[in-house]
Amino acid sequence: MSTEDRVDATMKNLEGKAQEMVGEVTGDPEDKAEGQKKQAKAEVQHSVEDAKEKVKKAID
């Protein structure tokens, strides 16, 4: 498991939340949707890292 990948996913999640919030405040549905998309990608990245960690533990 890469700590760098986890940090990257967390940063993408925070960026997505901020962008979604900006979209809500400004009434821009595209910004809001893009923010949600970034959050979903970050969630997938976290899931991949979780899976890698489980495989590594199973091997060890």
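Before any of the text, the structure's been laid out above.
Residues numbered from 1 in each chain as written. Predicted model: local features only at pLDDT ≥ 70, side-chain atom pairs only at ≥ 80, totals over all residues. Heavy atoms only, no water.

Trainee: Got a minute to help me understand the overall build of the protein in this structure?
Mentor: Broken down by element type, the protein carries two helices and zero strands. Each principal axis of the C-alpha atoms in the protein carries an extent, and together these give about 50 × 15 × 10 Å. Per-residue burial over the protein gives 18% buried out of 60 residues. Restricting to contacts in the protein with at least 6 residues of sequence separation, those with at least 24 account for 52%. Summed over its atoms, the accessible surface of the protein is roughly 4,500 Å², and 57% of this surface lies on carbon and sulfur atoms. The positive charge centre, built from 11 side chains, and the negative charge centre, built from 15, are 5 Å apart in the protein. (Helix = DSSP H or I, 4+ residues; strand = E, 2+ residues; numbered from the N terminus. Buried < 20%, exposed > 50% of the residue type's maximum accessible area, 1.4 Å probe, protein only. Contact = heavy atoms within 4.5 Å. Areas by Shrake-Rupley, 256 points an atom, 1.4 Å probe, with all protein chains shown as cover. Lys, Arg positive; Asp, Glu negative; His and termini not counted. Charge placed at Lys NZ, Arg CZ, Asp CG, Glu CD.)

Trainee: Just checking my understanding: could you explain helix α1 (residues 3-26) for this structure?
Mentor: With 24 residues, α1 extends 35 Å from end C-alpha to end C-alpha; this agrees with the ideal 34 Å at 1.5 Å per step. Those residues of α1 that fall on the buried side of the exposure criterion are R6, A9, G16, Q19, E20 and G23. Summarising the contacts, the buried residues of α1 are in contact with α2 (29-59). G27, located one to two residues past α1, shows a positive phi value of around 75 degrees. (Expected span 1.5 Å × (residues − 1).)

Trainee: Looking at this structure, I do not really get the packing of α1 against α2. What am I missing?
Mentor: Packing of α1 against α2 brings their axes to within 7 Å, and their N-to-C directions diverge by 160 degrees. It follows from the interaxial angle that α1 and α2 lie roughly antiparallel. Handedness of the α1/α2 crossing: left-handed. When the residues that make up the contact of α1 with α2 are grouped by side-chain class, the tally is three nonpolar, 10 polar and 16 charged. (Axes fitted to C-alpha atoms, helices over the stretch in contact; angles between N-to-C directions. Parallel < 35°, antiparallel > 145°, perpendicular 65-115°, else oblique. Left-handed = near helix turned anticlockwise from the far one by under 90°. Nonpolar A, V, L, I, M, F, W, Y, C, P; charged D, E, K, R; others polar.)

Trainee: Could you clarify how one ought to interpret α2 in this entry?
Mentor: Since one α-helical turn is 3.6 residues long, residues separated by three or four positions face the same way. Compared with the 45 Å implied by 1.5 Å per residue over 31 residues, the 45 Å span of α2 between its first and last C-alpha is a close match. Buried within α2 are the following residues: G35, Q39, A42, Q45 and E49. Here the buried face of α2 lies against α1. Capping the start of α2, D28 holds a side-chain oxygen 3.0 Å from the backbone nitrogen of E30, two or three residues further along. (Polar contact = N/O pair within 3.5 Å; in protein donor to acceptor, adjacent residues only side chain to side chain.)

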